[in-house]
Amino acid sequence: MKFQDKIEQLLTEQLGEWELARNNYSALKQVKIKTMNVDGHLYKVQFNPGRIISSSAKVDAESIRKRKCFICRENLPPQQKVIPFRDTYNILVNPFPVFSRHFTIAHVEHTPQLIASRFGDMLDLAQQLDGYSVFYNGPKCGASAPDHFHFQAGNKGFMPIENDRNRKHVILIESENKEEILNNFKLIYDSLPLSADEPEPMMNIITWYENKTWTTCLFPRKKHRPDCYFAQGDDNILISPASVDMGGVFVMPMEKDFDKISGKDIAEILEEVVLSDIFLGIRGLD
Ligand SMILES: [Zn+2]
């Protein structure tokens, strides 16, 4: 059986035996979606109340220390099953989905969210799961478990960026050659600004594999959450942008925000949290 078929079988089984997951995947079919044009590109906005936990997660060191890690094997709900990928990762059904097929790919050990040595694994996963986009959220770029290394995977055909990847805020790396992607990734990684108190440059990454070619979309970040996240009253929009938002689906856990968010708001939020124009000085990237 193909590896991808195995994880899809896992999803089917889990929906049969795990009520929380079944209810949340079923609710996802009813969620409201609206589309808008932002600077000539399609964006979707999804009203998804199930994502409130992730969007409002406290990810400061103190809060993280105080809570039980929710993707460590020993803390998983009793109904949750896993499928190993190599000896390194466990693949789990994400019980709070944004995609109709949504998985978390958690390291077997409780080890921090740091991409540098694991980007090659991301490419391998994308190749194995070629019906999916695999994504990574940096520790201060939307990951709600910054203390436990993980990727996510969501079915292709949902994020608009897959069909329209030349967007203002993205750095694209495309190649049939894995080494070439790894080398270019390293070049970019080493060129990104790094704050003294951060373990890695801030970024979101989306990767997929198609026609023997990897596409990697890297979004260098300058800010974790936009000002509207903290604003009071009418100016407040609860949005904590991560890879899926960068990929063109803004996930709104609050209905008031879903109703009011405009294309202009989306453009402003992207401008505020994504680093632009940083690569003008780098050579060797086409
Ligand atoms: Zn953990």
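Since we're looking at a predicted model, the values are computed, not measured.

Colleague: I'm lost on the coordination of the zinc ion in this one. Help?
Modeller: Only Cys 69 (SG), Cys 72 (SG), His 110 (ND1) and His 148 (ND1) from the protein coordinate the zinc ion, and they sit 2.0 to 2.3 Å from it. One can describe the donor arrangement at the zinc ion as tetrahedral, given that its four donor atoms subtend angles of 99 to 119 degrees at the metal. In terms of primary sequence, the donors binding the zinc ion are separated according to C-x2-C-x37-H-x37-H. Remark: His 110 occurs in the loop between β5 (102-107) and α5 (119-128) and Cys 72 occurs in the loop between α4 (61-66) and β3 (83-85); sequence separation between them is 38 residues.

Colleague: How should the confidence of the model for the protein be read in this particular structure?
Modeller: Low pLDDT means the predicted coordinates in that region are not meant to be read closely. Residue-level pLDDT values for the protein average 93, and 97% of them are 70 or greater. Scored below 50 in pLDDT, residues 280-284 makes four contacts in the model with residues more than four places away or belonging to other chains.

Colleague: Please clarify how the packing of aromatic side chains should be interpreted in this entry.
Modeller: Each pair of aromatic rings is reported with the distance of its centres and the angle of its planes. Overall, the coordinates contain 16 aromatic pairs when judged by the stated rule. Relative to Phe 85, the ring of Phe 3 has its centre 5.5 Å away and its plane inclined at 50 degrees; by these criteria the two rings are tilted. Residue Phe 3 is found in helix α1 (residues 3-17), and its partner Phe 85 is found in strand β3; the two are separated by 82 residues along the sequence. The two residues Phe 3 and Phe 85 agree in class, both being buried. On the numbers, 6.1 Å between centres and 70 degrees between planes, the contact of Tyr 43 with Phe 250 is edge-to-face. Separated by 207 residues along the polypeptide, Tyr 43 in strand β2 (residues 41-47) and Phe 250 in strand β11 (residues 249-252) bring together distant segments of the chain. Of the two residues, Tyr 43 and Phe 250, neither departs from the other in class, the shared state being buried.

Colleague: Where do I start with empty space enclosed by the protein in this structure?
Modeller: All chains considered together, the criterion is met by one cavity of 30 Å³ or more. Lining of the largest cavity is provided by Ile 71, Arg 73, Leu 76, Val 82, Asn 90, Leu 92, Ala 106, His 107, Val 108 and His 148. When residues of the lining of the largest cavity are traced back to their parent elements, those giving at least two are β4 (89-93) and β5. Residue composition of the lining of the largest cavity, grouped by class: six nonpolar, three polar and one charged.

Colleague: How should I be thinking about the side chain of Asn 94 in this particular structure?
Modeller: By the secondary structure assignment, Asn 94 is in the loop between β4 and β5. Its relative accessible area of 7% is what places Asn 94 among the buried residues. Only 2.8 Å separates the side chain of Asn 94 from the backbone nitrogen of Phe 96, close enough to count as a polar contact. Here Asn 94 is in contact with Tyr 25, Arg 51, His 102, Phe 103, Thr 104 and Gln 152, once residues within four sequence places are set aside.

Colleague: What is the right way to read the nonpolar core from this model?
Modeller: Note that soluble globular proteins tend to have their nonpolar side chains buried in a common cluster. In terms of nonpolar packing, the biggest core is built from 37 residues, with Ile 115, Phe 151, Phe 185 and Ile 205 touching the most fellow members. A per-element tally of this core places α5 first, with five residues. When residues no more than four places from it in sequence are discounted, the contact partners of Ile 115 are Met 122, Tyr 136, Phe 149, Phe 151, Phe 185, Tyr 189, Glu 200, Met 203 and Ile 205. Of all hydrophobic cores here, the second largest spans 32 residues; its members include Met 36, Val 249, Ile 261 and Leu 270.

Colleague: Would you explain the pattern of salt bridges in this entry?
Modeller: Side-chain pairs of opposite charge can arise whenever the charged atoms involved come near each other. As enumerated under the stated definition, the model contains 21 salt bridges in all. The shortest N-O distance in the salt bridge between Asp 130 and Lys 2 comes to 3.7 Å. With a gap of 128 residues between them, Asp 130 in the loop between α5 and β6 (132-137) and Lys 2 in the segment before α1 connect regions that are remote in the sequence. Its relative accessible area of 44% is what places Lys 2 among the partly exposed residues. With its nearest N and O atoms 3.1 Å apart, the salt bridge here joins Lys 168 to Glu 271. Remark: Glu 271 occurs in helix α10 (residues 263-273) and Lys 168 occurs in the loop between β7 (150-155) and β8 (171-175); sequence separation between them is 103 residues. Its relative accessible area of 56% is what places Lys 168 among the exposed residues. Each of Arg 86, Asp 121, Asp 124 and Lys 178 takes part in a single network of salt bridges with overlapping partners.

Reading the values: rules and limits
Residues numbered from 1 in each chain as written. Predicted model: local features only at pLDDT ≥ 70, side-chain atom pairs only at ≥ 80, totals over all residues. Heavy atoms only, no water. Donors = N, O, S within 2.8 Å, 3.2 Å for Na, K, Ca; no water. Tetrahedral: all angles 85-135°; square planar, octahedral: opposite > 155°, others 65-115°. Helix = DSSP H or I, 4+ residues; strand = E, 2+ residues; numbered from the N terminus. pLDDT = per-residue confidence, 0-100. Contact = heavy atoms within 4.5 Å. Phe/Tyr/Trp six-rings, centres within 6.5 Å; stacked < 30°, edge-to-face > 60°. Buried < 20%, exposed > 50% of the residue type's maximum accessible area, 1.4 Å probe, protein only. 1 Å grid on protein atoms, 1.4 Å probe; cavity = no way out; pocket = protein on both sides within 12 Å on 5 of 7 lines; lining within 4 Å. Points joined across faces, edges and corners; volume = space filled by probe spheres on them. Nonpolar A, V, L, I, M, F, W, Y, C, P; charged D, E, K, R; others polar. Polar contact = N/O pair within 3.5 Å; in protein donor to acceptor, adjacent residues only side chain to side chain. Core = buried A, V, L, I, M, F, W, Y, C linked by side-chain atoms within 4.5 Å. Salt bridge = Lys/Arg side-chain N within 4 Å of Asp/Glu carboxyl O.

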